Amino acid sequence: MLDELLAAWIGRQRWFGGKGRAIDQLSVESDVELTPGLRHLIVAVWQEGSRDRYQLLLGERSSLPDRLGHALIGMVGDTYLYDAVHDFERTGWLLEGMAHDQTHNGLRLRHVPGVTIDTSPRSLVLGAEQSNTSLVFGDAYICKLFRRLIPGVNPELEIVTALAARDAPHIAQPYGWIETDLDGTDTTLAIMQEFLCNANDGWDLALASVRDLYASLPEVTAADAGGDFAAESLRLGAATARVHHELAAAFPTDVIETHEVKRMAESFRRRLGRAVAEVPELRGHVSVIEEAYHQVDLLTHEVPVQRVHGDYHLGQVMRTPTDWVVLDFEGEPGQPLAERRALYSPLRDVAGMLRSFDYAARHLLAGHSQAAELEPRAQEWADRNREAFLEGYGEGGGMITRGDAALLRAFELSKAVYEVVYEARNRPTWIRIPLAAFTPRAAP
Ligand SMILES: Nc1ncnc2c1ncn2[C@@H]1O[C@H](COP(=O)(O)OP(=O)(O)O)[C@@H](O)[C@H]1O
Ligand SMILES: O=P(O)(O)O[C@H]1O[C@H](CO)[C@@H](O[C@H]2O[C@H](CO)[C@@H](O)[C@H](O)[C@H]2O)[C@H](O)[C@H]1O
């Protein structure tokens with residue numbers, strides 16, 4: 001009965017990864033009572049022969065207040081079952097559990113040694129929930145519950161706790177986490193961090209600057225426009241270099257020897273092959289991309305590698321009143337954990353952010369009545385902020401040499417290939433943005 005109710009409900013959730021495919025079976029793998037009326041469930045969902053696991057907080061009440069009507073899952077007998085992430089009267093138990101390092105039947109709630117957790121703030125579900133659900137407790141904490149579970153320690157937890165232990169700047173302080181054993185592996189279920197209550201998302205700030213430029217008179221340059229973003233891009237570059245420095249100090253590093261550099265090009269090519277098979281729009285661009293990858297084959301220097309962010313873009317950084325903070329060190333969603341924890345050149349993150357400046361500049365052009373006239377302004381904005389970011393990266397101690405140009409370009413194009421697939425799957429109307437990365441530009 002519970003299985004059927006959950007199967008009908010889970011397919012409608014925003015964070016459910018298997019949308020568009022019928023659910024063949026749902027079964028409860030783990031059911032732990034945290035407190036009367038609050039259960040933690042891990043459910044297995046079978047679709048087309050493959051299984052995914054998700055976690056839920058299941059609330060039980062004999063009557064359901066109006067404020068929880070939208071969270072109703074269904075009724076079993078006289079009991080209302082609902083999605084308890086929306087119930088601040090119950091989510092406080094997560095804080096209690098972490099504050100006191102409670103263990104409930106294999107479910108371990110933990111706090112970072114040395115921090116004190118205030119258990120009084122009430123939670124709200126963050127509106128921007130996507131593949132996970134984030135609970136904001138007052139203006140103190142944000143607790144991200146991973147919905148689809150992948151066995152293993154989440155790289156975000158691993159990285160922020162290691163960086164916080166070094167007092168590294170530019171990160172949101174970690175406070176606690178929830179974990180359990182999944183397939184015999186220590187698995188992160190949730191992470192709780194400092195909530196940056198006075199901060200703005202980098203993507204929103206960049207778009208405000210682009211909008212301002214578009215609205216300015218044609219003779220106003222990106223540098224003279226009121227909302228110029230270059231000083232912020234410069235600071236962001238410096239913050240990025242510092243984060244890379246801290247990551248290199250906190251985790252092992254290595255070098256890819258010259259004779260192994262070709263392997264990097266091979267991995268770019270493998271991704272391209274998979275992407276072309278999935279997205280036909282890429283076919284016409286293969287020769288440009290292949291040529292960039294070929295330049296990596298020709299590199300004659302070794303490449304330092306280390307832990308990196310892995311999915312770095314303007315939506316992953318927030319501007320507080322004092323500086324930039326980097327969030328979400330999880331790598332690219334959907335990639336295997338081993339790949340997300342592997343060592344890469346930090347140029348991979350640099351390339352990710354450069355691509356993001358292109359995205360911000362071009363995203364408002366889609367459907368714009370004056371798109372053709374605005375295109376050069378978009379390019380000017382992107383060029384200006386990309387340069388400022390690179391300058392800041394260098395000023396902050398980041399290493400980019402002349403010889404890195406080929407690798408940086410290959411990382412950029414590889415990221416654009418990833419983005420084409422991401423957009424084809426999630427936002428088909430945006431696909432032109434990454435496709436523009438493959439069009440050679442005339443020299444200015
Ligand atoms: N520590 C934080 N403080 C304030 N807001 C945050 C914090 N962490 C995340 N957010 C907000 O939540 C949004 C989504 O967070 P993120 O971790 O990137 O989730 P997802 O992995 O689902 O994209 C961010 O764009 C930001 O607006
Ligand atoms: O959900 P995540 O933030 O982990 O990352 C995924 O979604 C991102 C979109 O939200 C996607 O980023 C792409 O779009 C951004 C604008 O929305 C842009 O700033 C990025 O440069 C672009 O890559 C990201 O690639 C994907 O992994």
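Residues numbered from 1 in each chain as written. Chains lettered and ligands numbered in written order. Predicted model: local features only at pLDDT ≥ 70, side-chain atom pairs only at ≥ 80, totals over all residues. Heavy atoms only, no water.

A. Molecular detail of the site of ligand 2. Close to ligand 2 lie 14 residues, the nearest being Asp-311, Ser-356, Tyr-418, Glu-419 and Tyr-422. Measuring from an oxygen atom of ligand 2, one finds a side-chain N or O atom of Asp-311 at 2.8 Å. Contact with the protein chains removes 89% of the 540 Å² of surface that ligand 2 exposes when unbound. Elements supplying a minimum of two residues to the shell around ligand 2: helix H9 (347-363) and helix H11 (405-426). Per element, the largest residue contribution to the shell around ligand 2 is four residues, and it comes from H11. For the shell around ligand 2, the per-class residue count stands at six nonpolar, three polar and five charged. (Near = heavy atom within 4 Å. Polar contact = N/O pair within 3.5 Å; in protein donor to acceptor, adjacent residues only side chain to side chain. Areas by Shrake-Rupley, 256 points an atom, 1.4 Å probe, with all protein chains shown as cover. Helix = DSSP H or I, 4+ residues; strand = E, 2+ residues; numbered from the N terminus. Nonpolar A, V, L, I, M, F, W, Y, C, P; charged D, E, K, R; others polar.)

B. Fine view of the sheet that holds strand E17 (residues 317-319). If you walk across this open sheet you meet the three strands as E14-E17-E18, and the pairing is antiparallel. Whereas interior strands pair on both sides, the edge strands pair on one side only; in this sheet they are strand E14 (200-201) and strand E18 (324-326). Taken together, the two bridges between E14 and E17 define a ladder with antiparallel strand orientation. By the bridge assignment for E17, Asn-200 is matched with Arg-319. Across the sheet, helix H5 (residues 230-250) is in contact with E17 and E18; its angle to E18 comes to roughly 45°. (Pairing = 2+ DSSP bridges. Contact = heavy atoms within 4.5 Å. Axes fitted to C-alpha atoms, helices over the stretch in contact; angles between N-to-C directions.)

C. Fine view of unusual backbone geometry. Phi is positive for Asp-101, which is not a glycine, with a value near 50°. Mapped onto the elements of the fold, Asp-101 is located in the loop between helix H2 (88-99) and strand E6 (103-104). Taking the relative accessible area as the measure of exposure, Asp-101 reaches 33% and is therefore partly exposed. The backbone phi angle of Asp-183 is positive, close to 50°, even though this residue is not glycine. (Buried < 20%, exposed > 50% of the residue type's maximum accessible area, 1.4 Å probe, protein only.)

D. Here's a closer look at the environment of Ala-239. Structurally, Ala-239 can be placed in helix H5. For the pair formed by Ala-239 and Asp-323, sequence separation is 84 residues and the distance between their alpha carbons is 8.1 Å. Leaving out residues up to four positions away in the same chain, Ala-239 has contacts with His-170 and Trp-324.

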